[in-house]
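# Understanding the architecture of this molecule
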Amino acid sequence: MEIACVTFSCPAFSTPRVCRIKPFGININTDHRKRFSCRVASRNTTAKVVDSELDLEYKKHDLLRAVQETQRGLTATSDQRSVIEEALVTVEGFNGGEAIDLTKLDGTWRLQYTSAPDVVVLFEAASRFPFFQVGQIFQKFECRDQSDGGIIRNVVQWSVPSLLEEQEGATLVVTAKFDKVSSRNIYLQFEEISVRNININEQVQALLAPAILPRSFLSLQILQFIRTFNAQIPVTATSPGRRSVGGLYYLSYLDNNMLLGRSVGGGGVFVFTKSQPLEF
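Summarised in this report is the structure supplied together with it.

Definitions and cut-offs
- Residues numbered from 1 in each chain as written.
- Predicted model: local features only at pLDDT ≥ 70, side-chain atom pairs only at ≥ 80, totals over all residues.
- Heavy atoms only, no water.
- Helix = DSSP H or I, 4+ residues; strand = E, 2+ residues; numbered from the N terminus.
- Expected span 1.5 Å × (residues − 1).
- Buried < 20%, exposed > 50% of the residue type's maximum accessible area, 1.4 Å probe, protein only.
- Arc of directions from axis to C-beta.
- Contact = heavy atoms within 4.5 Å.
- Salt bridge = Lys/Arg side-chain N within 4 Å of Asp/Glu carboxyl O.
- Phe/Tyr/Trp six-rings, centres within 6.5 Å; stacked < 30°, edge-to-face > 60°.

Looking now at helix H4 (residues 117-128). Along its 12 residues, H4 runs 16 Å from first to last C-alpha, staying within 8% of the 16 Å computed at 1.5 Å per residue. Inspection of H4 places Val 119, Val 120 and Phe 123 among the buried residues, and these make up the whole buried set. On an axial view of H4, the arc spanned by its buried residues comes to 100°, and they lie on one face. Along H4, the residues that are exposed and aim more than 90 degrees away from the buried face are Pro 117, Asp 118 and Arg 128. Those residues of H4 that are buried are in contact with strand S1 (107-114), strand S2 (133-142) and strand S9 (268-274).

See below:
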């Protein structure tokens, strides 16, 4: 017995294709590699900047350590000066060629070291004469929001211990105008020398107005006069039509906490660090 077989013919169903559409002009694989390469380059650049900043801080530390044992330049030997000069040049190289930012320069800077003869002579006098002391020395720049100059005040705190408070018995201020003559050079034109902030010691106060006696109006007036005494001597040109006494000052390095300068013409080098604002 035979069973009849029926064969059905069905149309073939094709598997649907998935079309991947690429944006015009972009190779996805290549673009991905480019983005990855950019991220690596960016990280490398950031790492180099961080390494450079750390290196700079180490070099600044080396400079401050080199000047630390010199009493601000008074006792520096020739070997120490060579080491300091090398450390100076190294730090100066980190922002060489950049124009000085007057906003960053504005403020009070404390002297840490100098080889300038006109400053070292003050330290020498203090070391020779026990009745004379030299305290802190500052440079105070007033040039915020200026573009081409400002005011600079060289401030020396000094004392005669037998009469005045130690270290800060009185303040000598040499005031000058300065003008930017290039990206790094400023010209100082001195205007005035003044003595102010006189602080007599307790022994002298007791002589002027003994504590065991009622202080009279006159003795109080004398004390007040001494405290507020301010002697000013103008610095003028030696002849009409000429500039007053001045000099060229090269600001070789500046950041938020260190200022390096060179007095043009062999006048010495200066190392300053940022200080708290100084008020008169």
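On inspection of all chains with the given rule, the structure shows 9 salt bridges. The partner of Arg 65 in a salt bridge is Asp 62, with the nearest N and O atoms 3.0 Å apart. With a gap of 3 residues between them, Arg 65 and Asp 62 both fall in helix H1 (residues 28-67), about one helical turn apart. One salt-bridge network, in which partners are shared between bridges, spans Glu 57, Lys 60 and Asp 255.

A few words now on the packing of aromatic side chains. Scanning the entire structure with this criterion turns up 5 aromatic pairs. Their ring planes at 85° and their centres at 5.8 Å tell us that Tyr 249 and Phe 270 sit as a pair that is edge-to-face. Here Phe 270 lies in strand S9 and Tyr 249 lies in strand S7 (residues 246-254), a separation of 21 residues in the sequence. Per residue, the accessibility class of Tyr 249 equals that of Phe 270, and both read buried.

The next subject is the environment of Glu 165. Note that Glu 165 resides in the loop between strand S3 (149-159) and strand S4 (170-180). In sequence terms Glu 165 and Ile 198 are 33 residues apart; their C-alpha atoms lie 8.6 Å from each other.

Now for the environment of Val 121. Looking at the secondary structure, you find Val 121 in helix H4. The partly exposed category is assigned to Val 121, whose relative accessible area is 43%. Residues Val 121 and Leu 74, 47 residues apart in the sequence, show an inter-C-alpha distance of 8.4 Å.

Function cannot be inferred from these measures alone, as they are strictly geometric.
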